[in-house]
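# Tertiary structure, described
Here is how the chains run, residue by residue.
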Amino acid sequence: GRLPHLEALRREGAFMPCASTDPPVTFPAWTTCVTGVNPGRHGIFDFTEVVPGAHRIRFVNSTFRKAPALWNILSNAGKRVGMLGVPGTFPPEPVNGFMVSGFDSPVATGVDASCVFPQALLPEVQDWRFADFQESHIGLGWHAQALDSLLRKIDDKERIALRLLQRESWDFFMVVFGESDTVSHHFWLFH
């Protein structure tokens, strides 16, 4: 009874175990989620790719996607869309609404004008953070500090998302709270 709309979708729609994408990696999985096609069709297979004819790699971004995302289809149909923190959305695309890129932006910890469309929205989303604490040197007391930081970020993101959500009657609004991903990587040992 806590999530009645999701329960209704389960009861009245289809509900089944789902396999991840192949390969089961963040970028192809999120891109499949928003395009509805597999990596072979949308062209995103990992965070990086080999540069053809060179002995180096480059980072993949939203310009590498070969299939339209849901927000492209809806924007082109005149629908109003808003996205906050969806992985694989840097650089943000012009949409009929707004887009704040996900953690894959080069800024990495927060947002700047390069992460926001339209850029005039930047002052309203300036407090959006991806990871504002270090995750590589984990020692005694780290988990308690990280948990406090994660919970504060969730509160900030919720405030920003609700303010934007209540601004108008959106046709499509998507928010990704990446803190659950961080917890999955670093707190699984307590499960």
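First, a word on scope: everything that follows refers to the structure included in this document.

Calculation notes
- The numbers attached to residues start from 1 for each chain and follow its sequence in the written order.
- This being a predicted model, a pLDDT of at least 70 is required before a residue's local features are given, and a value of 80 or more before pairs of side-chain atoms are given or counted; all residues contribute to the totals for chains, interfaces and linings.
- Here the side-chain values reflect all heavy atoms present in the structure, with hydrogen atoms and water set aside.
- Side-chain atoms within 4.5 Å link the members of a nonpolar core, which is a set of buried Ala, Val, Leu, Ile, Met, Phe, Trp, Tyr and Cys residues.
- Here the term buried applies to any residue with accessible area under 20% of the maximum for its type, exposed to any over 50%, and partly exposed to those in between, with areas from a 1.4 Å probe on protein chains only.
- By the criteria applied, helices consist of DSSP H or I runs no shorter than four residues and strands consist of E runs no shorter than two, each listed in order from the N terminus.
- Should any heavy atoms of two residues lie within 4.5 Å, those residues are considered in contact.
- We call two N or O atoms a polar contact when they sit within 3.5 Å, provided that within protein one can donate a hydrogen and the other can accept it, with sequence-adjacent residues counted only if both atoms are side-chain atoms.
- A pair of strands is treated as paired once DSSP finds two or more bridges between them.
- A fitted line through C-alpha atoms serves as each axis, taken over the contacting stretch for helices, and the angle formed by two N-to-C directions is quoted from 0 to 180°.
- Convention used here: angles under 35 degrees read as roughly parallel, angles over 145 as roughly antiparallel, angles from 65 to 115 as roughly perpendicular, and any remaining angle as oblique.
- Crossing handedness is read from the near helix: turned anticlockwise from the far helix by less than a right angle, it gives a left-handed crossing, and turned clockwise, a right-handed one.
- We call Asp, Glu, Lys and Arg charged. Ala, Val, Leu, Ile, Met, Phe, Trp, Tyr, Cys and Pro are nonpolar, and the rest, Gly among them, are polar.
- For this analysis, a salt bridge means a side-chain nitrogen from Lys or Arg found within 4 Å of a carboxyl oxygen belonging to Asp or Glu.

## Looking at the nonpolar core
Ranked by size, the top nonpolar core spans 16 residues in total, and within it L84, V100, V111, V116 and V125 carry the most contacts. Elements represented by at least two residues in this core include exactly β4 (97-101), α5 (122-125) and α6 (142-165). Sort the elements by how many residues they give to this core and α6 lands first, with three residues. Not counting residues up to four positions away in its chain, the partners in contact with V111 are V100, V116, L122, V125, Q126, W128, R129 and F130. Counting 11 residues, the second-largest nonpolar core is a separate cluster that includes V34, V86, V95 and V176.

## Some details on the side chain of T21
Mapped onto the fold, T21 is located in the loop between α1 (4-12) and α2 (26-35). From its side chain, T21 meets the backbone oxygen of P23 in a polar contact 2.8 Å long. With residues near it in sequence (within four places) discarded, T21 still touches P28, A29, T32 and P39.

## Concerning the sheet that holds strand β3 (residues 81-86)
Adjacent strands of a sheet pair through backbone hydrogen bonds, lying either parallel or antiparallel. Read from one edge to the other, the open sheet built from four strands follows the order β5-β4-β3-β6, with strand pairing classed as mixed. Lying at the two open borders of the sheet, with one neighbouring strand each, are β5 (116-117) and β6 (172-175). In this structure, β3 lies alongside β6, joined through four bridges in parallel fashion. Counterpart to V81 in the pairing with β6 is F172. Together, β3, β4 and β6 form the strand contacts of α6, whose direction differs from that of β6 by roughly 175°.

## With respect to the packing of α6 against helix α7 (residues 179-186)
Each pair of packed helices gets described by two things: the angle between the helix axes and the distance between those axes. Close contact between α6 and α7 brings their axes to 10 Å; oriented N to C, the two are set at 165°. As judged from the angle between their axes, α6 and α7 are roughly antiparallel. The element α6 and its partner α7 pack so that their crossing is left-handed. Along the contact surface, α6 presents W142, H143, L150, K153, I154 and K157, while α7 presents E179, T182, V183 and H186. Looking at side-chain class alone, the contact of α6 with α7 contains four nonpolar, three polar and three charged residues.

## Here's the deal with the pattern of salt bridges
Tallied over the full model, the rule gives eight salt bridges. When the shortest N-O distance is used, the salt bridge between E49 and R58 registers 2.6 Å. Given the relative accessible area of 25%, E49 is considered partly exposed. In this structure, the salt-bridge partner of K157 is E179, at a minimum N-O distance of 2.9 Å. With K157 in helix α6 and E179 in helix α7, this residue pair connects regions lying 22 residues apart in the sequence. Per residue, the accessibility class of K157 equals that of E179, and both read buried.

It is worth stressing that arrangement in space is one thing and function is another; only the former is reported here.
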